[in-house]
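These are the residues of each chain, in order.
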Amino acid sequence: MKSTKEVLPFAVILLAVNGDINAINQILKHFEHYVIRLSQKTLFDEYGNAYIHVEEETKRMLETKLITAILRFELS
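Residues numbered from 1 in each chain as written. Predicted model: local features only at pLDDT ≥ 70, side-chain atom pairs only at ≥ 80, totals over all residues. Heavy atoms only, no water.

Caption draft 1: Representation of the environment of Asn-49. Within the secondary structure, Asn-49 sits in the loop between strand E1 (40-44) and strand E2 (50-54). Asn-49 sits in the partly exposed class, given a relative accessible area of 43%. Other than its neighbours up to four places away in sequence, Asn-49 contacts Leu-43 and Phe-44. (Helix = DSSP H or I, 4+ residues; strand = E, 2+ residues; numbered from the N terminus. Buried < 20%, exposed > 50% of the residue type's maximum accessible area, 1.4 Å probe, protein only. Contact = heavy atoms within 4.5 Å.)

Caption draft 2: How the structure looks around the packing of helix H1 (residues 10-17) against helix H2 (residues 21-30). Where H1 meets H2, the closest approach of the two axes is 7 Å, and the angle between their N-to-C directions is 120°. Regarding the angle of H1 to H2, the classification is oblique. Handedness of the H1/H2 crossing: left-handed. Seen from H1, the contacting residues are Val-12, Ile-13, Leu-15 and Ala-16; seen from H2, they are Ala-23, Ile-24, Gln-26 and Ile-27. Counted by class, the contact of H1 with H2 contains 7 nonpolar, 1 polar and no charged residues. (Axes fitted to C-alpha atoms, helices over the stretch in contact; angles between N-to-C directions. Parallel < 35°, antiparallel > 145°, perpendicular 65-115°, else oblique. Left-handed = near helix turned anticlockwise from the far one by under 90°. Nonpolar A, V, L, I, M, F, W, Y, C, P; charged D, E, K, R; others polar.)

Caption draft 3: Representation of the side chain of Glu-63 within the structure. Considering the arrangement of structural elements, one finds Glu-63 in helix H4 (residues 56-72). Dropping the residues within four chain positions of it, Glu-63 is found in contact with Leu-28 and Val-35.

Structural measurements only, silent on function.
Quick look at the structure:
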């Protein structure tokens, strides 16, 4: 059975760990949907209708934590 999820190339990970901005942005783009999903919150309007809201502050915090983890990652 073939996996439908794309895997980041090792070269991109290696460049990102060494601080390459373009590689870090590529990793952020790869995890964008996951970060948005984690940043979602269900809110209700005055009529009781539910809607999804993306908390921008939470999204930015998660992106910052991901960048920090990338730069601290050690390849052995």
